[in-house]
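# Breakdown of the fold
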Amino acid sequence: MHRDLAPGAAPPAGRSDPRRGLPRTDTVLADPRLADAAERLGRPLVKAAVVEAQERARRGEIPPADITEEAVRALPPTASALRPVLNATGVLLHTNLGRAALSEAARQAVLAAAGATDVEFDLASGDRAPRGRSTVRALLDRVPAAQAAHVVNNGAAALVLAATALARGREIIVSRGELVEIGDGFRLPDLLASTGARLREVGTTNRTTTADYAAAVGEATGFILRVHPSNFRITGFTGTPGLAELAELGPPLVADIGSGLLRCEPLLPDEPDAEGWLRAGADLVTASGDKLLGGPQCGLLLGRADLVRTLARHPLARALRVDKLTLAALEATLNSPATPTRSALHAEAGELRERAGRLAATLAAEGIPARAVDSPAIVGGGGAPGVVLPSAAVALPEAYAAPLRQGPTPVVGRTADGSCLLDLRTVPAPADAELAAAVRLAAEELARP
Ligand SMILES: *Cc1c(COP(=O)(O)O)cnc(C)c1O
(Lines give C-alpha, C1' and ligand atoms only; values in the text may rest on other atoms or scores of the structure.)
Protein backbone atom coordinates (compact mmCIF):
# COMPACT_ATOMS: atom_id res chain seq x y z
CA MET A 1 0.00 0.00 0.00
CA HIS A 2 2.86 2.32 0.73
CA ARG A 3 4.35 1.91 -2.73
CA ASP A 4 1.55 3.88 -4.37
CA LEU A 5 3.59 6.98 -4.94
CA ALA A 6 7.17 7.60 -5.83
CA PRO A 7 9.31 7.98 -2.69
CA GLY A 8 9.45 11.56 -1.52
CA ALA A 9 6.89 12.63 -4.09
CA ALA A 10 3.88 12.44 -1.81
CA PRO A 11 2.66 11.29 1.56
CA PRO A 12 1.90 7.58 1.94
CA ALA A 13 -1.54 6.44 0.82
CA GLY A 14 -4.05 6.37 3.60
CA ARG A 15 -3.71 10.05 4.40
CA SER A 16 -4.57 12.97 2.18
CA ASP A 17 -1.97 15.49 1.16
CA PRO A 18 -2.27 18.21 3.82
CA ARG A 19 -1.11 20.92 1.41
CA ARG A 20 -3.21 20.14 -1.64
CA GLY A 21 -6.01 17.98 -0.28
CA LEU A 22 -5.40 15.25 -2.87
CA PRO A 23 -7.85 12.35 -2.48
CA ARG A 24 -6.35 9.08 -1.22
CA THR A 25 -5.45 6.41 -3.77
CA ASP A 26 -7.87 3.93 -2.19
CA THR A 27 -10.69 6.46 -2.30
CA VAL A 28 -10.10 7.05 -6.01
CA LEU A 29 -9.85 3.31 -6.69
CA ALA A 30 -13.27 2.82 -5.11
CA ASP A 31 -14.89 4.61 -8.07
CA PRO A 32 -17.05 1.91 -9.74
CA ARG A 33 -15.46 2.46 -13.16
CA LEU A 34 -11.98 2.02 -11.74
CA ALA A 35 -13.07 -0.93 -9.60
CA ASP A 36 -14.49 -2.61 -12.75
CA ALA A 37 -11.29 -1.84 -14.61
CA ALA A 38 -9.26 -3.41 -11.81
CA GLU A 39 -11.23 -6.66 -12.33
CA ARG A 40 -10.64 -6.52 -16.10
CA LEU A 41 -7.07 -5.20 -16.30
CA GLY A 42 -5.63 -6.13 -12.92
CA ARG A 43 -5.14 -3.77 -9.99
CA PRO A 44 -1.53 -2.69 -10.71
CA LEU A 45 -2.35 -1.09 -14.10
CA VAL A 46 -5.36 0.77 -12.71
CA LYS A 47 -3.40 1.91 -9.69
CA ALA A 48 -0.64 3.18 -11.99
CA ALA A 49 -3.23 5.29 -13.85
CA VAL A 50 -4.48 6.73 -10.54
CA VAL A 51 -0.95 7.48 -9.31
CA GLU A 52 -0.15 9.21 -12.60
CA ALA A 53 -3.31 11.33 -12.30
CA GLN A 54 -2.33 12.26 -8.72
CA GLU A 55 1.11 13.25 -9.96
CA ARG A 56 -0.45 15.49 -12.60
CA ALA A 57 -2.62 17.15 -9.94
CA ARG A 58 0.42 17.65 -7.73
CA ARG A 59 2.22 19.35 -10.62
CA GLY A 60 -0.84 21.58 -11.04
CA GLU A 61 -1.66 20.21 -14.53
CA ILE A 62 -5.19 19.18 -13.51
CA PRO A 63 -7.40 20.20 -10.58
CA PRO A 64 -7.42 17.66 -7.72
CA ALA A 65 -11.17 17.19 -8.27
CA ASP A 66 -10.42 15.78 -11.76
CA ILE A 67 -8.11 12.97 -10.60
CA THR A 68 -10.73 10.24 -10.94
CA GLU A 69 -11.83 11.38 -14.40
CA GLU A 70 -8.22 11.67 -15.51
CA ALA A 71 -7.42 8.16 -14.22
CA VAL A 72 -10.46 6.73 -16.05
CA ARG A 73 -9.41 8.53 -19.23
CA ALA A 74 -5.85 7.24 -18.98
CA LEU A 75 -6.79 3.58 -18.41
CA PRO A 76 -5.10 1.31 -20.94
CA PRO A 77 -7.59 -0.40 -23.29
CA THR A 78 -6.20 -3.86 -22.52
CA ALA A 79 -3.93 -5.46 -19.95
CA SER A 80 -1.14 -5.51 -22.54
CA ALA A 81 0.95 -2.48 -23.38
CA LEU A 82 0.73 -3.33 -27.10
CA ARG A 83 -1.40 -0.66 -28.73
CA PRO A 84 -3.35 -0.97 -31.96
CA VAL A 85 -2.09 1.70 -34.38
CA LEU A 86 -3.23 3.01 -37.74
CA ASN A 87 -0.51 2.20 -40.26
CA ALA A 88 -0.41 5.26 -42.51
CA THR A 89 3.20 4.69 -43.56
CA GLY A 90 2.40 3.38 -47.03
CA VAL A 91 4.53 0.34 -46.20
CA LEU A 92 2.16 -2.63 -46.52
CA LEU A 93 4.20 -4.98 -44.35
CA HIS A 94 5.86 -2.75 -41.78
CA THR A 95 8.15 -4.87 -39.61
CA ASN A 96 8.02 -2.41 -36.70
CA LEU A 97 4.21 -2.44 -36.85
CA GLY A 98 3.96 -6.23 -36.76
CA ARG A 99 3.96 -6.90 -40.53
CA ALA A 100 0.64 -8.28 -41.83
CA ALA A 101 -2.56 -7.13 -40.09
CA LEU A 102 -4.93 -10.05 -39.56
CA SER A 103 -8.24 -10.25 -41.42
CA GLU A 104 -11.54 -10.09 -39.57
CA ALA A 105 -11.92 -13.85 -40.16
CA ALA A 106 -8.52 -14.52 -38.62
CA ARG A 107 -9.22 -12.29 -35.61
CA GLN A 108 -12.47 -14.12 -34.93
CA ALA A 109 -10.74 -17.49 -35.26
CA VAL A 110 -8.07 -16.39 -32.77
CA LEU A 111 -10.69 -15.31 -30.28
CA ALA A 112 -12.62 -18.57 -30.69
CA ALA A 113 -9.47 -20.66 -30.20
CA ALA A 114 -8.28 -18.65 -27.23
CA GLY A 115 -9.88 -20.85 -24.61
CA ALA A 116 -9.79 -24.63 -24.38
CA THR A 117 -10.03 -25.90 -27.96
CA ASP A 118 -9.82 -29.18 -29.89
CA VAL A 119 -6.42 -28.32 -31.43
CA GLU A 120 -5.08 -31.81 -30.67
CA PHE A 121 -8.27 -33.69 -29.84
CA ASP A 122 -10.93 -35.51 -31.89
CA LEU A 123 -14.33 -34.64 -30.50
CA ALA A 124 -16.01 -37.52 -32.41
CA SER A 125 -13.91 -40.31 -30.95
CA GLY A 126 -12.59 -38.64 -27.82
CA ASP A 127 -9.04 -39.56 -28.88
CA ARG A 128 -5.94 -37.48 -29.38
CA ALA A 129 -5.70 -36.10 -32.94
CA PRO A 130 -2.88 -34.62 -35.02
CA ARG A 131 -2.22 -31.03 -33.98
CA GLY A 132 -3.24 -28.41 -36.53
CA ARG A 133 -4.69 -30.98 -38.94
CA SER A 134 -7.36 -28.63 -40.33
CA THR A 135 -4.76 -25.89 -40.91
CA VAL A 136 -2.53 -28.31 -42.83
CA ARG A 137 -5.55 -29.41 -44.87
CA ALA A 138 -6.34 -25.77 -45.73
CA LEU A 139 -2.72 -25.26 -46.81
CA LEU A 140 -2.77 -28.31 -49.06
CA ASP A 141 -6.07 -27.17 -50.58
CA ARG A 142 -4.44 -23.89 -51.56
CA VAL A 143 -1.19 -25.51 -52.77
CA PRO A 144 -2.13 -28.69 -54.63
CA ALA A 145 1.48 -29.24 -55.75
CA ALA A 146 2.47 -29.90 -52.12
CA GLN A 147 2.07 -33.46 -50.86
CA ALA A 148 2.43 -32.39 -47.24
CA ALA A 149 2.85 -29.32 -45.07
CA HIS A 150 4.20 -28.34 -41.68
CA VAL A 151 3.93 -25.04 -39.79
CA VAL A 152 6.59 -23.54 -37.49
CA ASN A 153 7.11 -20.21 -35.74
CA ASN A 154 8.46 -18.10 -38.62
CA GLY A 155 10.29 -18.26 -41.92
CA ALA A 156 13.68 -18.41 -40.23
CA ALA A 157 12.51 -21.36 -38.10
CA ALA A 158 11.38 -23.17 -41.26
CA LEU A 159 14.89 -22.83 -42.70
CA VAL A 160 16.54 -23.86 -39.44
CA LEU A 161 14.36 -26.96 -39.22
CA ALA A 162 15.08 -27.93 -42.83
CA ALA A 163 18.83 -27.38 -42.37
CA THR A 164 18.93 -29.29 -39.08
CA ALA A 165 16.80 -32.23 -40.15
CA LEU A 166 18.18 -32.61 -43.68
CA ALA A 167 21.77 -31.30 -43.59
CA ARG A 168 23.22 -31.28 -40.07
CA GLY A 169 26.84 -32.46 -40.37
CA ARG A 170 26.46 -32.32 -44.15
CA GLU A 171 26.57 -29.64 -46.83
CA ILE A 172 24.02 -27.15 -48.09
CA ILE A 173 24.91 -26.04 -51.61
CA VAL A 174 23.98 -22.38 -52.12
CA SER A 175 24.85 -19.65 -54.59
CA ARG A 176 27.03 -16.76 -53.39
CA GLY A 177 24.38 -14.44 -54.82
CA GLU A 178 21.79 -15.76 -52.35
CA LEU A 179 23.64 -15.44 -49.03
CA VAL A 180 21.36 -12.67 -47.85
CA GLU A 181 20.75 -10.66 -44.74
CA ILE A 182 17.03 -10.85 -43.96
CA GLY A 183 16.91 -7.78 -41.70
CA ASP A 184 17.80 -6.59 -38.21
CA GLY A 185 21.29 -8.05 -38.67
CA PHE A 186 20.10 -11.63 -39.24
CA ARG A 187 22.12 -13.29 -41.94
CA LEU A 188 21.00 -16.42 -43.67
CA PRO A 189 24.50 -17.98 -43.78
CA ASP A 190 24.91 -17.55 -40.00
CA LEU A 191 21.45 -18.96 -39.37
CA LEU A 192 22.16 -22.02 -41.51
CA ALA A 193 25.65 -22.56 -40.07
CA SER A 194 24.21 -22.41 -36.53
CA THR A 195 22.40 -25.69 -37.24
CA GLY A 196 25.64 -27.62 -37.74
CA ALA A 197 25.22 -27.78 -41.50
CA ARG A 198 28.18 -26.63 -43.64
CA LEU A 199 27.58 -24.09 -46.37
CA ARG A 200 29.06 -25.04 -49.71
CA GLU A 201 29.09 -21.73 -51.58
CA VAL A 202 29.06 -21.87 -55.37
CA GLY A 203 29.18 -19.37 -58.22
CA THR A 204 29.55 -15.62 -57.83
CA THR A 205 27.45 -12.74 -56.56
CA ASN A 206 25.91 -12.04 -59.94
CA ARG A 207 26.14 -15.34 -61.83
CA THR A 208 25.87 -18.98 -60.87
CA THR A 209 25.44 -21.80 -63.38
CA THR A 210 24.00 -25.30 -63.20
CA ALA A 211 27.55 -26.59 -63.66
CA ASP A 212 28.63 -24.73 -60.50
CA TYR A 213 25.97 -26.55 -58.49
CA ALA A 214 26.65 -29.88 -60.22
CA ALA A 215 30.37 -29.70 -59.43
CA ALA A 216 29.59 -29.30 -55.72
CA VAL A 217 27.18 -32.23 -55.44
CA GLY A 218 28.70 -35.19 -53.64
CA GLU A 219 28.47 -37.68 -50.80
CA ALA A 220 28.27 -34.90 -48.22
CA THR A 221 25.41 -32.98 -49.85
CA GLY A 222 22.37 -32.54 -47.62
CA PHE A 223 20.39 -30.42 -50.04
CA ILE A 224 20.63 -27.68 -52.63
CA LEU A 225 19.20 -24.41 -51.38
CA ARG A 226 17.63 -21.74 -53.52
CA VAL A 227 16.85 -18.43 -51.77
CA HIS A 228 14.68 -15.76 -53.32
CA PRO A 229 16.62 -12.49 -52.87
CA SER A 230 13.50 -10.89 -51.44
CA ASN A 231 14.83 -7.55 -50.23
CA PHE A 232 17.25 -6.46 -52.95
CA ARG A 233 17.77 -6.76 -56.69
CA ILE A 234 20.84 -7.50 -58.70
CA THR A 235 20.53 -6.26 -62.24
CA GLY A 236 22.82 -6.26 -65.25
CA PHE A 237 25.09 -9.23 -66.05
CA THR A 238 23.29 -11.83 -63.94
CA GLY A 239 22.21 -15.43 -64.19
CA THR A 240 20.84 -18.31 -62.15
CA PRO A 241 19.71 -21.68 -63.43
CA GLY A 242 16.03 -22.60 -63.49
CA LEU A 243 14.64 -24.75 -60.69
CA ALA A 244 14.02 -27.63 -63.08
CA GLU A 245 17.72 -27.90 -63.90
CA LEU A 246 18.69 -27.89 -60.22
CA ALA A 247 16.01 -30.47 -59.43
CA GLU A 248 17.67 -32.87 -61.88
CA LEU A 249 21.00 -32.83 -60.03
CA GLY A 250 19.79 -35.40 -57.48
CA PRO A 251 19.84 -33.95 -53.95
CA PRO A 252 16.64 -32.48 -52.53
CA LEU A 253 16.01 -28.94 -53.74
CA VAL A 254 14.87 -26.65 -50.90
CA ALA A 255 13.58 -23.23 -51.95
CA ASP A 256 13.02 -20.27 -49.65
CA ILE A 257 10.44 -18.03 -51.33
CA GLY A 258 10.23 -15.64 -48.39
CA SER A 259 7.00 -13.76 -49.06
CA GLY A 260 4.49 -16.57 -48.59
CA LEU A 261 2.59 -16.09 -51.82
CA LEU A 262 0.91 -19.45 -52.37
CA ARG A 263 -0.22 -18.68 -55.92
CA CYS A 264 1.21 -16.17 -58.36
CA GLU A 265 0.19 -12.55 -57.88
CA PRO A 266 -0.14 -10.70 -61.20
CA LEU A 267 0.64 -7.36 -59.52
CA LEU A 268 4.00 -8.72 -58.32
CA PRO A 269 5.29 -10.77 -61.25
CA ASP A 270 8.81 -11.10 -59.78
CA GLU A 271 7.62 -12.61 -56.50
CA PRO A 272 7.83 -16.41 -56.46
CA ASP A 273 4.87 -18.46 -55.24
CA ALA A 274 4.83 -21.81 -53.49
CA GLU A 275 2.68 -23.61 -56.05
CA GLY A 276 4.77 -22.32 -58.95
CA TRP A 277 8.13 -23.22 -57.41
CA LEU A 278 6.96 -26.71 -56.39
CA ARG A 279 5.68 -27.32 -59.92
CA ALA A 280 8.96 -26.02 -61.31
CA GLY A 281 10.89 -28.66 -59.39
CA ALA A 282 11.43 -27.61 -55.76
CA ASP A 283 11.09 -30.53 -53.34
CA LEU A 284 10.44 -28.33 -50.34
CA VAL A 285 9.38 -24.67 -50.17
CA THR A 286 9.78 -22.49 -47.08
CA ALA A 287 7.97 -19.18 -46.54
CA SER A 288 6.70 -16.67 -43.99
CA GLY A 289 3.04 -16.51 -42.97
CA ASP A 290 2.95 -12.79 -42.16
CA LYS A 291 4.25 -11.30 -45.37
CA LEU A 292 2.21 -11.36 -48.60
CA LEU A 293 0.06 -14.25 -47.39
CA GLY A 294 -1.32 -11.72 -44.91
CA GLY A 295 -1.58 -14.15 -42.00
CA PRO A 296 -0.05 -14.55 -38.55
CA GLN A 297 3.69 -14.80 -37.94
CA CYS A 298 4.61 -18.37 -38.82
CA GLY A 299 6.82 -20.36 -41.15
CA LEU A 300 5.45 -22.69 -43.81
CA LEU A 301 7.13 -25.85 -45.08
CA LEU A 302 5.42 -27.35 -48.12
CA GLY A 303 6.42 -30.16 -50.43
CA ARG A 304 7.43 -33.82 -50.63
CA ALA A 305 5.71 -36.00 -48.03
CA ASP A 306 8.88 -37.88 -47.01
CA LEU A 307 10.82 -34.65 -46.42
CA VAL A 308 7.99 -33.00 -44.48
CA ARG A 309 7.66 -36.16 -42.35
CA THR A 310 11.39 -36.09 -41.56
CA LEU A 311 11.10 -32.44 -40.48
CA ALA A 312 7.95 -32.89 -38.42
CA ARG A 313 9.46 -35.86 -36.55
CA HIS A 314 12.77 -34.16 -35.77
CA PRO A 315 13.14 -33.29 -32.06
CA LEU A 316 13.71 -29.63 -32.97
CA ALA A 317 10.20 -29.48 -34.45
CA ARG A 318 8.81 -29.48 -30.90
CA ALA A 319 10.80 -26.36 -30.04
CA LEU A 320 9.52 -24.56 -33.15
CA ARG A 321 5.89 -25.64 -32.67
CA VAL A 322 3.21 -22.99 -33.22
CA ASP A 323 0.44 -22.37 -30.78
CA LYS A 324 -3.28 -22.80 -31.28
CA LEU A 325 -3.80 -19.07 -31.90
CA THR A 326 -1.38 -19.12 -34.84
CA LEU A 327 -2.96 -22.27 -36.27
CA ALA A 328 -6.42 -20.71 -35.99
CA ALA A 329 -5.36 -17.41 -37.60
CA LEU A 330 -3.49 -19.17 -40.40
CA GLU A 331 -6.37 -21.49 -41.22
CA ALA A 332 -8.86 -18.61 -41.30
CA THR A 333 -6.48 -16.62 -43.53
CA LEU A 334 -6.23 -19.55 -45.94
CA ASN A 335 -9.98 -20.16 -46.03
CA SER A 336 -10.92 -16.50 -46.27
CA PRO A 337 -8.07 -14.80 -48.12
CA ALA A 338 -9.55 -11.28 -48.17
CA THR A 339 -6.80 -9.91 -45.94
CA PRO A 340 -5.89 -6.29 -45.22
CA THR A 341 -2.57 -6.98 -46.99
CA ARG A 342 -4.42 -8.09 -50.13
CA SER A 343 -6.81 -5.13 -49.99
CA ALA A 344 -3.89 -2.73 -49.59
CA LEU A 345 -2.04 -4.33 -52.50
CA HIS A 346 -5.08 -4.23 -54.79
CA ALA A 347 -6.45 -0.79 -53.84
CA GLU A 348 -7.07 1.39 -56.91
CA ALA A 349 -4.86 4.48 -57.07
CA GLY A 350 -7.87 6.52 -58.28
CA GLU A 351 -9.92 5.57 -55.22
CA LEU A 352 -7.00 6.35 -52.93
CA ARG A 353 -6.73 9.80 -54.52
CA GLU A 354 -10.45 10.38 -54.00
CA ARG A 355 -10.20 9.39 -50.34
CA ALA A 356 -7.16 11.64 -49.82
CA GLY A 357 -8.96 14.52 -51.56
CA ARG A 358 -12.09 14.10 -49.42
CA LEU A 359 -10.14 13.83 -46.18
CA ALA A 360 -7.87 16.79 -46.95
CA ALA A 361 -10.86 18.95 -47.98
CA THR A 362 -12.76 18.11 -44.79
CA LEU A 363 -9.76 18.88 -42.60
CA ALA A 364 -8.79 22.03 -44.51
CA ALA A 365 -12.37 23.33 -44.11
CA GLU A 366 -11.78 23.08 -40.36
CA GLY A 367 -8.61 25.15 -40.60
CA ILE A 368 -6.14 22.27 -40.54
CA PRO A 369 -3.36 22.69 -43.13
CA ALA A 370 -4.03 19.40 -44.95
CA ARG A 371 -3.38 18.73 -48.64
CA ALA A 372 -3.91 15.66 -50.79
CA VAL A 373 -0.73 14.50 -52.53
CA ASP A 374 0.40 11.54 -54.62
CA SER A 375 2.58 9.17 -52.66
CA PRO A 376 4.64 6.07 -53.46
CA ALA A 377 3.65 3.06 -51.32
CA ILE A 378 5.77 -0.08 -51.10
CA VAL A 379 5.30 -3.70 -50.05
CA GLY A 380 8.05 -3.60 -47.39
CA GLY A 381 8.77 -6.37 -44.90
CA GLY A 382 11.66 -7.35 -47.12
CA GLY A 383 9.42 -8.04 -50.12
CA ALA A 384 9.09 -6.91 -53.72
CA PRO A 385 12.07 -4.51 -53.75
CA GLY A 386 11.79 -1.77 -56.34
CA VAL A 387 8.03 -2.17 -56.73
CA VAL A 388 6.22 1.14 -56.22
CA LEU A 389 2.48 1.04 -55.65
CA PRO A 390 0.99 4.38 -56.71
CA SER A 391 -0.88 5.81 -53.77
CA ALA A 392 -2.24 9.02 -52.25
CA ALA A 393 -1.66 10.68 -48.91
CA VAL A 394 -2.93 13.46 -46.72
CA ALA A 395 0.05 15.79 -46.22
CA LEU A 396 0.30 17.73 -42.95
CA PRO A 397 3.11 19.81 -41.48
CA GLU A 398 5.82 17.58 -40.01
CA ALA A 399 4.96 18.82 -36.49
CA TYR A 400 1.84 16.62 -36.65
CA ALA A 401 3.88 13.40 -36.63
CA ALA A 402 4.52 13.28 -32.87
CA PRO A 403 1.02 14.15 -31.58
CA LEU A 404 -0.45 11.72 -34.13
CA ARG A 405 1.75 8.92 -32.77
CA GLN A 406 0.95 9.83 -29.18
CA GLY A 407 -2.83 10.23 -29.46
CA PRO A 408 -5.47 7.80 -28.18
CA THR A 409 -5.56 6.15 -31.62
CA PRO A 410 -1.87 6.24 -32.54
CA VAL A 411 -1.31 7.03 -36.21
CA VAL A 412 2.07 6.31 -37.75
CA GLY A 413 2.75 8.25 -40.92
CA ARG A 414 5.86 8.92 -42.96
CA THR A 415 7.85 12.14 -42.82
CA ALA A 416 9.29 13.45 -46.07
CA ASP A 417 10.42 16.91 -47.17
CA GLY A 418 9.09 18.64 -44.07
CA SER A 419 5.69 16.96 -44.30
CA CYS A 420 3.96 14.27 -42.35
CA LEU A 421 2.35 12.04 -44.99
CA LEU A 422 -0.60 9.83 -44.11
CA ASP A 423 -0.61 7.28 -46.93
CA LEU A 424 -4.06 5.80 -47.44
CA ARG A 425 -3.02 2.58 -49.21
CA THR A 426 -2.26 1.02 -45.84
CA VAL A 427 -5.28 2.51 -44.06
CA PRO A 428 -8.48 0.48 -44.51
CA ALA A 429 -11.17 2.76 -46.04
CA PRO A 430 -13.57 2.33 -43.08
CA ALA A 431 -10.86 3.84 -40.84
CA ASP A 432 -10.88 7.22 -42.65
CA ALA A 433 -13.20 8.79 -40.05
CA GLU A 434 -10.96 7.54 -37.25
CA LEU A 435 -7.94 8.96 -39.08
CA ALA A 436 -9.63 12.36 -39.44
CA ALA A 437 -10.55 12.35 -35.73
CA ALA A 438 -6.93 11.59 -34.83
CA VAL A 439 -5.73 14.51 -37.00
CA ARG A 440 -8.23 16.86 -35.26
CA LEU A 441 -6.92 15.79 -31.84
CA ALA A 442 -3.34 16.31 -33.01
CA ALA A 443 -4.28 19.80 -34.23
CA GLU A 444 -5.79 20.60 -30.82
CA GLU A 445 -2.66 19.30 -29.12
CA LEU A 446 -0.47 21.54 -31.33
CA ALA A 447 -2.70 24.55 -30.64
CA ARG A 448 -2.18 24.22 -26.86
CA PRO A 449 0.04 26.96 -25.47
C1 LIG B 1 11.51 -12.75 -44.60
C2 LIG B 1 12.40 -13.80 -45.12
C3 LIG B 1 12.92 -14.77 -44.27
C4 LIG B 1 12.66 -14.76 -42.79
O5 LIG B 1 11.33 -15.05 -42.50
P6 LIG B 1 10.74 -14.63 -41.06
O7 LIG B 1 9.32 -15.06 -41.12
O8 LIG B 1 10.96 -13.17 -40.92
O9 LIG B 1 11.53 -15.39 -40.04
C10 LIG B 1 13.73 -15.73 -44.82
N11 LIG B 1 14.02 -15.75 -46.14
C12 LIG B 1 13.51 -14.84 -46.98
C13 LIG B 1 13.87 -14.94 -48.44
C14 LIG B 1 12.69 -13.84 -46.51
O15 LIG B 1 12.20 -12.92 -47.36
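Structure: above.
A brief report on the enclosed structure follows. Just so we're clear, the structure is a prediction, and the values are computed from it rather than from any experiment. (Residues numbered from 1 in each chain as written. Predicted model: local features only at pLDDT ≥ 70, side-chain atom pairs only at ≥ 80, totals over all residues. Heavy atoms only, no water.)

## Focus: the sheet that holds strand S6 (residues 198-202)
If you trace the 7 strands from one edge of the open sheet to the other, you get S2-S10-S9-S8-S7-S3-S6, paired in mixed fashion. Lying at the two open borders of the sheet, with one neighbouring strand each, are strand S2 (148-152) and S6. Each adjacent strand pair in this sheet contributes to an overall mean axis angle of 25°, direction not counted. With respect to the sheet, helix H12 (residues 305-313) is in contact with S2, strand S9 (284-288) and strand S10 (299-303), its orientation differing from that of S2 by roughly 30°. (Pairing = 2+ DSSP bridges. Helix = DSSP H or I, 4+ residues; strand = E, 2+ residues; numbered from the N terminus. Axes fitted to C-alpha atoms, helices over the stretch in contact; angles between N-to-C directions. Contact = heavy atoms within 4.5 Å.)

## Description of the environment of proline 229
Mapping proline 229 onto the fold places it in the loop between strand S7 (221-227) and helix H10 (243-247). C-alpha of proline 229 to C-alpha of alanine 384: the two residues are 155 residues apart in sequence and 9.4 Å apart in space.

## Structural notes on the site of the ligand
All residues adjacent to the ligand are Arg99, Asn154, Gly155, Ala156, Ile182, His228, Ser230, Asp256, Gly258, Ser288 and Lys291. Between the ligand and arginine 99 there is a distance of 2.7 Å, counted from an oxygen atom to a side-chain nitrogen or oxygen. In the model, a nitrogen atom of the ligand is placed 2.5 Å from a nitrogen or oxygen of the aspartate 256 side chain. Each residue belonging to the shell around the ligand can be placed in one class, and the counts come to 2 nonpolar, 6 polar and 3 charged. (Near = heavy atom within 4 Å. Polar contact = N/O pair within 3.5 Å; in protein donor to acceptor, adjacent residues only side chain to side chain. Nonpolar A, V, L, I, M, F, W, Y, C, P; charged D, E, K, R; others polar.)

## A look at the packing of aromatic side chains
Counting across every chain of the model gives 0 aromatic pairs. Just above the ring of phenylalanine 237 sits the side chain of arginine 207; from NZ or CZ to the centre is 4.1 Å. (Phe/Tyr/Trp six-rings, centres within 6.5 Å; stacked < 30°, edge-to-face > 60°. Lys NZ or Arg CZ within 6 Å of the ring centre and 35° of its normal.)

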